[in-house]
Amino acid sequence: MNVKRQIKRRLQRYRDKHRTLKGLPLLTRVNLKMDKNNRLGYATTGLSLAPSNESMIVKIEGLKGKNTCRYASPTCRKACLKEAGNNTWGSNQIARIAKTLFFVNYRDEFIGKLCNEIERFIKRCKKHKVKPAIRINILSDETELALLMARMYPEVTFYDYTKEIKYWLDPANQYSKPSNYHLAYSLSEVNTEDWLNIMRTVPNARGAVVFYGDDLPKTFKGFPVVDGDAFDAFFMQKQKGAFVLGLKVKGLLQETKDIALKGGFAQLGNKALLAA
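Residues numbered from 1 in each chain as written. Predicted model: local features only at pLDDT ≥ 70, side-chain atom pairs only at ≥ 80, totals over all residues. Heavy atoms only, no water.

**A look at the nonpolar core**
Here's step 1: Residues F110, L114, I136, M149, F158, W195 and V244 are the most contacted members of the largest nonpolar core, which totals 54 residues.
Here's step 2: At the level of secondary structure, the elements contributing two or more residues to this core comprise α4 (90–105), α5 (107–127), α6 (143–152), α7 (166–169), β4 (181–186), α8 (192–201), β5 (206–212) and β7 (223–227).
Here's step 3: Take this core: its biggest share by element is eight residues, from α5.
Here's step 4: Excluding residues that lie within four positions of it along the chain, W195 makes contacts with Y185, S186, L187, G207, A208, V209, F220, K221 and V244.
Here's step 5: In terms of nonpolar packing, the next biggest core, distinct from the first, is built from 14 residues, Y42, Y161, A184 and F231 among them. (Core = buried A, V, L, I, M, F, W, Y, C linked by side-chain atoms within 4.5 Å. Buried < 20%, exposed > 50% of the residue type's maximum accessible area, 1.4 Å probe, protein only. Helix = DSSP H or I, 4+ residues; strand = E, 2+ residues; numbered from the N terminus. Contact = heavy atoms within 4.5 Å.)

**Some thoughts on the packing of α5 against α6**
Here's step 1: Where α5 meets α6, the axes come as close as 12 Å, and the angle between the chain directions of the two elements is 50 degrees. When the axes of α5 and α6 are compared, the pair comes out oblique. In the packing of α5 onto α6, the handedness of the crossing is right-handed. The residues of α6 that touch α5, namely those facing F110, I111, L114, C115 and I118, are L145, L148, M149 and M152.
Here's step 2: Taken together, the residues of the contact of α5 with α6 sort by class into nine nonpolar, no polar and no charged. (Axes fitted to C-alpha atoms, helices over the stretch in contact; angles between N-to-C directions. Parallel < 35°, antiparallel > 145°, perpendicular 65-115°, else oblique. Left-handed = near helix turned anticlockwise from the far one by under 90°. Nonpolar A, V, L, I, M, F, W, Y, C, P; charged D, E, K, R; others polar.)

**Looking at unusual backbone geometry**
Here's step 1: Positive phi is not limited to glycine here, since K129 has a value of about 55 degrees.
Here's step 2: Looking at the element boundaries, K129 is found in the loop between α5 and β2 (131–135).
Here's step 3: Of note, K221 is a non-glycine position whose phi angle comes to about 55 degrees, a positive value.
Here's step 4: As for its position among the elements, K221 is in the loop between β6 (219–220) and β7.

The following block contains the structure:
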């Protein structure tokens, strides 16, 4: 059975059983990178919506999809993290698309269910005496949803990677964000000028850069590079001033990694740079 047919059947079961899709869990139970935060005293969960236009590949009467990464570059879409690790599993793709269709078509019910799950997560964290951290956009870039949650739950640390520039460069500070929501601005092949502007002018800016190869450079564009794959909670990094979160290009296929490099989305790491 192909993926589109599986998605249609799964969604139909949800709709038949619960008109508001209440049977669909939203927050992730397992994420290998976020689980690395445990040693820092944080329990972490997150929301995996379908990235870019993935939710639009399935046409279901009465339901519409959405591009959840409107600022994604062409190469970012081609080398997306949905092609890496557990994200490639068919069941995970089905769940991502179902959640996204739930979010787009039944927003009030979605928000209510998300709040319920966050509140249960906070209770578990209190019980186990750990701090709660949530990444609303594991694969997507819906920062407005994350902002809403951060304002509703100030006791939780929220964090995301984004290509949405307004949170840094809006002169009127119209889009000010709460102190419990941390963002890293991601470099792509189409936003280099904006990325450099942020890194040079915004105090303590965090810039995310994808590198091709087995190692990370010590600096990039004059800024120190820290290992962004060591753990997911970049808000815990002790580096002072603006710094780069170095992320190794992901993907099960070498072809995907090569696309990221050739398209300008990934930068050469030390060894790859010396070999070039």
